[in-house]
Amino acid sequence: MRAAVVLALATMVAGCTGMPLPEGGNGVNFSPTLNFATPVTSLIGRRFETVVRQQYDFSCGSAALATLLRYHYDDPQSEQSVFLGMFRDGDQAQIRRLGFSLLDMKRYLAARGIAADGFKVSVEQIAKAGIPGVALINFDGYRHFVVVKGIDDQTLLLGDPSLGLRRETIRRFAKQWNGVFFVLSGRNAIGRSHFNMAADLVRAPHGRPFLSADPLESAQLALTRPQLGEF
């Protein structure tokens, strides 16, 4: 039995140096008679379990709206279905030049019989309303759509089509956000029941230990590299 345990541990360690296991599950075969079905979810995969991941640099709008519909309003749309619908019902010339806008989202939803509007509000008003919606932020110089999935006293829970589920401090979010919050109208009950969802909270990364400080930029972190001969 001891030899078998040692062999199993050695096999696991050796597996760490090989190809990563596929997302979702994998069979582990220790011997012809000792086989296990092992569920596997990477840290990155876990962040996208309640967020639709964008496939292209310019598709964050369609992925954000698909996230809102699929995970907060029980309307299982995909990035592709929303992308094609918004392109069909939107200003195609402008979309080709600049990408999607909240107006394209509104037109797409209206074509499906769903009312939606954008409101100029504060973070405090979002918290009081307690409903999910789409926000446009300036993320490191790029305009980017995210879904506000929840909020507490210090952080917002965001569904980011490029980074997955993540938390952001209210102060930092307010600096990035243009102040417009896009929500579905007339569906407040289901919206409130899907705000601060347990499925999101259990998957959300822990909040920052230093909420009053912003994280360092990549260039600043690179300066900490040891110089030649210092290691």
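You'll find the structure just up there.
Structural notes, computed from the coordinates. Just so it is clear, the model here is predicted, and its values are computed rather than measured. (Residues numbered from 1 in each chain as written. Predicted model: local features only at pLDDT ≥ 70, side-chain atom pairs only at ≥ 80, totals over all residues. Heavy atoms only, no water.)

### What to know about helix H4 (residues 79-89)
To be explicit about the condition: Between buried and exposed lies partly exposed: a residue is buried under 20% and exposed over 50% of the maximum accessible area for its type, with that area taken using a 1.4 Å probe on protein chains only. Every helix listed is a DSSP run of H or I at least four residues long, and every strand listed is a run of E at least two residues long, numbered separately from the N terminus. To be clear, the arc concerns the directions from the helix axis to the C-beta atoms. We call two residues in contact when some of their heavy atoms are within 4.5 Å.
For H4, the complete set of buried residues consists of Glu 79, Val 82, Gly 85 and Met 86. End-on, the buried residues of H4 take up no more than an arc of 140°, which puts them together on one face. The exposed set on the far side of H4, more than 90 degrees from its buried face, consists of Gln 80 and Arg 88. Tucked into the core, H4 has its buried residues touching helix H3 (60-72), helix H5 (92-98) and helix H6 (102-111).

### Here's the deal with the pairing of strand S8 (residues 177-184)
Rules: Here, any two strands with at least 2 DSSP bridges between them count as paired.
In terms of residue burial, S8 counts as a mostly covered element, since six of its eight residues are buried. Note that strand S3 (residues 116-120) and S8 share five bridges and pair antiparallel. Across the sheet, Asp 117 pairs through a bridge with Val 183, a residue of S8. In this sheet, S8 lies alongside strand S4 (residues 133-139) in antiparallel orientation, the contact comprising three bridges. Each residue of the ladder has a partner; that of Ala 135, found in S8, is Phe 181.

### Examining the side chain of Glu 168
So the rule is basically this: Under the rule applied, a polar contact is a pair of N or O atoms within 3.5 Å (in protein, one hydrogen donor and one hydrogen acceptor; residues adjacent in sequence only if both atoms are side-chain atoms).
As for its position among the elements, Glu 168 is in strand S7 (residues 164-169). Taking relative accessible area as the criterion, Glu 168 reaches 3% and is therefore assigned buried. Here the side chain of Glu 168 touches Arg 166 through a polar contact of 3.1 Å, side chain to side chain.

### Observations regarding the nonpolar core
So the rule is basically this: Throughout, nonpolar core names a set of buried Ala, Val, Leu, Ile, Met, Phe, Trp, Tyr and Cys residues whose side chains join them through atoms within 4.5 Å.
Leu 65, Met 105, Leu 109, Val 134 and Phe 145 are the most contacted members of the largest nonpolar core, which has 25 residues in total. Listing elements by their share of this core, those giving two or more residues are H3, H4, H6, S4, strand S5 (142-151) and S8. The dominant element in this core, judged by the number of residues it contributes, is H3, at seven residues. Ignoring sequence-local partners within four residues, the contact set of Met 105 consists of Gly 61, Leu 65, Met 86, Val 134, Phe 145 and Phe 182. Listed in part, the 16 residues of the second largest apolar core include Ile 137, Val 146, Val 148 and Leu 156.

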